[in-house]
Structures are given as C-alpha cells and as structure tokens.
Amino acid sequence: MKIEPSLVNKKLLIFDMDGTLYQFKEGSFKKSKLQKIILKRAQQFIKKKLNITKRQTKQDLNKIIAKYGENISIGLEKEYGLSRSQYFNYVWNLPPKLFIKKQPSLRKKIINWNKYFCILLLSDSPKVWIENVLKELGIFDLFQDKIISGEGNNRKIFINVFPKIITDYKIMAKDCLVVGDQEETDIIPAKNIGMTTVFVSNNKKSEKAYFNIKNIFELDKIIKQGKHLYK
C-alpha cells in the first residue's frame, strides 16, 4: 500500500469491496455462492496439505471455524502451521465473473469522487481476490497502490485497522468517510473512533451508520449533502 505523505485539503474515502463496490445476488457473502466455493476449496487445501480423509478434513475445518470464525487462514497457521499465502493463493484465486456483475459506470463515479477525496480500498479479503475483482470491474488501476488487504493481522474484524489508517495517513478521524455493507466490521469500529460512516444495502438499514444507501451509486447523494465537509 502506498501511503500519501499528506492529505492537505482532501479527505479520505475508504471503500469496502465485497458487497459494497458490487453486491451479492444472495444479499451477503455468508449466503453467497462464493462463500460455499471458498469453504469447499478450503477443505480441498486442508486435505491436500495434511493428507487426511475427507471426513477428518471437514471436522478439522469446522473446528477452525468454531474457534477462529472467518479467519480460517490464521487458524490453519496457528493450529497446523500451514502457510497463509499458500492458502489464499489456492482458495481465493477465482474468476470473479462467476460471482459478480460488471458495472461500467462505476469507473466514472470513482474518478469523480477522487476529485474530492483520496481513495482507499479496505478489505479483509486476500489481495489475490481483490486484484481479480478490481480487474473484472475495470478499476484496478484506480486502486492498485491504495489497497489494504486481509493477509496480515491488521484487519477490520480485529478492530485494529482503522486506528492504523489514521496513524499511517496522518489524518483526523473526522476527515474519513467509510463506506461498507457490514455493521460489525465496516460501520461500528469506524464510527467509534469518529469516522463518518455510510452503510450500503438494498434490503436493510443500519441504525449505527450516519447514512444509508441502497447501492454504491447513491454515494453521490451523501457527498452532495455534505459537500462543505468534503470539498
């Protein structure tokens, strides 16, 4: 990730990716076809690396999920010494066109928002998946040096990455606008340290977020409503 040396006269616009820059047909990652395939490939990875039966593989994965939740890579590393990078490259290196719909107008919108903000992509997904998705959406070049991915120990789910962004970018929390589709990881931790939050969902509203929009294109309304804050 390339750090801007100064954000004078600009604010920071922080995007989540999955469920935000594009939306799942099923409504969320947990209900999506993508999640099912990720879990299936995780089992294949474990079976191959540990050389165990299919039944034992499923049991081991369930134990990892019970203890580490969505942080399967961390669980496999701690419990079995398996490489995180090998896990991500095997499990998450998928063709996004199977799961997402390209939106040609998204590129133009992001270029326009970049006039008012420095943009940053923040996702707990691994970099291999992020890059594949951004290329499919036709916006990789807009974010390629402004990505914080989920390979390390600074993740949204650990509530430690937002304070790190403030420190790294030398910016005030009030000058950050965070856009995401998950209350627990995108909205609440960002709001708790003083960032402005926008919740994206076409079927529910957040009581915690400052603003609610149905899709990423409605972000224009938020920016126009508070243009004196973001100019």
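Just so you know, these numbers come straight off a predicted model, no measurement behind them. (Residues numbered from 1 in each chain as written. Predicted model: local features only at pLDDT ≥ 70, side-chain atom pairs only at ≥ 80, totals over all residues. Heavy atoms only, no water.)

(A) Representation of helix H4 (residues 84–91). Turning to H4, its buried residues number three or more, namely Arg84, Tyr87, Phe88 and Val91. Angularly, the buried residues of H4 cover 95 degrees about the axis, an arc narrow enough to put them on a single face. If you follow the buried residues of H4, they end up packed against helix H1 (33–50), helix H3 (72–80) and helix H6 (127–137). (Buried < 20%, exposed > 50% of the residue type's maximum accessible area, 1.4 Å probe, protein only. Helix = DSSP H or I, 4+ residues; strand = E, 2+ residues; numbered from the N terminus. Arc of directions from axis to C-beta. Contact = heavy atoms within 4.5 Å.)

(B) The arrangement of the packing of aromatic side chains in detail. Tallied over the entire structure, the rule returns 10 aromatic pairs. Measuring from centroid to centroid gives 5.6 Å for phenylalanine 45 and tyrosine 87, while their planes differ by 80 degrees, and the two rings are edge-to-face. Here phenylalanine 45 is found in helix H1, whereas its partner tyrosine 87 is found in helix H4, with 42 residues between them in sequence. Phenylalanine 45 gets classed as buried once you look at its relative accessible area, which sits at 2%. Taking the centre distance of 6.1 Å and the plane angle of 70 degrees together, the rings of phenylalanine 99 and tryptophan 129 count as edge-to-face. Residue phenylalanine 99 is located in the loop between H4 and helix H5 (105–113), and its partner tryptophan 129 is located in helix H6; the two are separated by 30 residues in the primary sequence. Judged by relative accessible area, phenylalanine 99 falls into the buried class, the value being 9%. Pairwise contacts between aromatic rings join Tyr22, Phe24, Phe29, Trp92, Phe99 and Trp129 into one cluster. Across the ring face of tyrosine 90, the terminal group of arginine 41 is positioned such that the distance to the ring centre comes to 5.2 Å. Looking at lysine 191, its charged tip hangs above the ring of tyrosine 210, at a distance of 5.1 Å from the centre. (Phe/Tyr/Trp six-rings, centres within 6.5 Å; stacked < 30°, edge-to-face > 60°. Lys NZ or Arg CZ within 6 Å of the ring centre and 35° of its normal.)

(C) Layout of the pattern of salt bridges. A complete count under the given rule lists 10 salt bridges for this structure. Aspartate 175 is the partner of lysine 174 in a salt bridge, and the nearest nitrogen-oxygen pair spans 3.5 Å. The class for lysine 174 is exposed, based on a relative accessible area of 56%. What emerges from the salt-bridge pattern is a single network uniting Lys11, Lys174 and Asp175. (Salt bridge = Lys/Arg side-chain N within 4 Å of Asp/Glu carboxyl O.)

(D) Inspection of helix H2 (residues 54–68) at higher detail. Relative to the 21 Å expected for 15 residues at 1.5 Å per residue, H2 spans 21 Å between its end C-alpha atoms, a close match to the ideal helical length. In the segment just after H2, glycine 69 is the residue with positive phi, at about 65 degrees. (Expected span 1.5 Å × (residues − 1).)

(E) Region of the structure containing the confidence of the model for the chain. In this model, the chain carries a mean pLDDT of 91, and residues with pLDDT of at least 70 account for 94%. Note that pLDDT drops below 50 for residues 1–6; the model gives that stretch 14 contacts with residues more than four away or on any other chain. (pLDDT = per-residue confidence, 0-100.)

(F) Representation of unusual backbone geometry. Within the chain, isoleucine 159 stands out as a residue other than glycine whose phi angle is a positive 60 degrees. Mapped onto the elements, isoleucine 159 comes out in the loop between strand S3 (147–148) and helix H8 (161–169). Judged by relative accessible area, isoleucine 159 falls into the exposed class, the value being 53%. Phi at lysine 170 takes a positive value of approximately 55 degrees, unusual for a residue other than glycine.

(G) Spatial organisation of the nonpolar core. One finds Phe15, Leu21, Tyr87, Leu134, Phe143 and Leu219 to be the most contacted residues of the largest nonpolar core, which totals 51 residues. Looking at which element gives the most residues to this core, the answer is H6, with six residues. Sequence-distant contacts of leucine 21, defined by excluding residues within four places in its chain, comprise Phe15, Asp16, Gln103, Leu106, Leu121, Leu134, Leu137, Ile139, Phe143 and Ile216. Ile14, Ile148, Ala173 and Val178 belong to the second largest nonpolar core, which has 16 residues in total. (Core = buried A, V, L, I, M, F, W, Y, C linked by side-chain atoms within 4.5 Å.)

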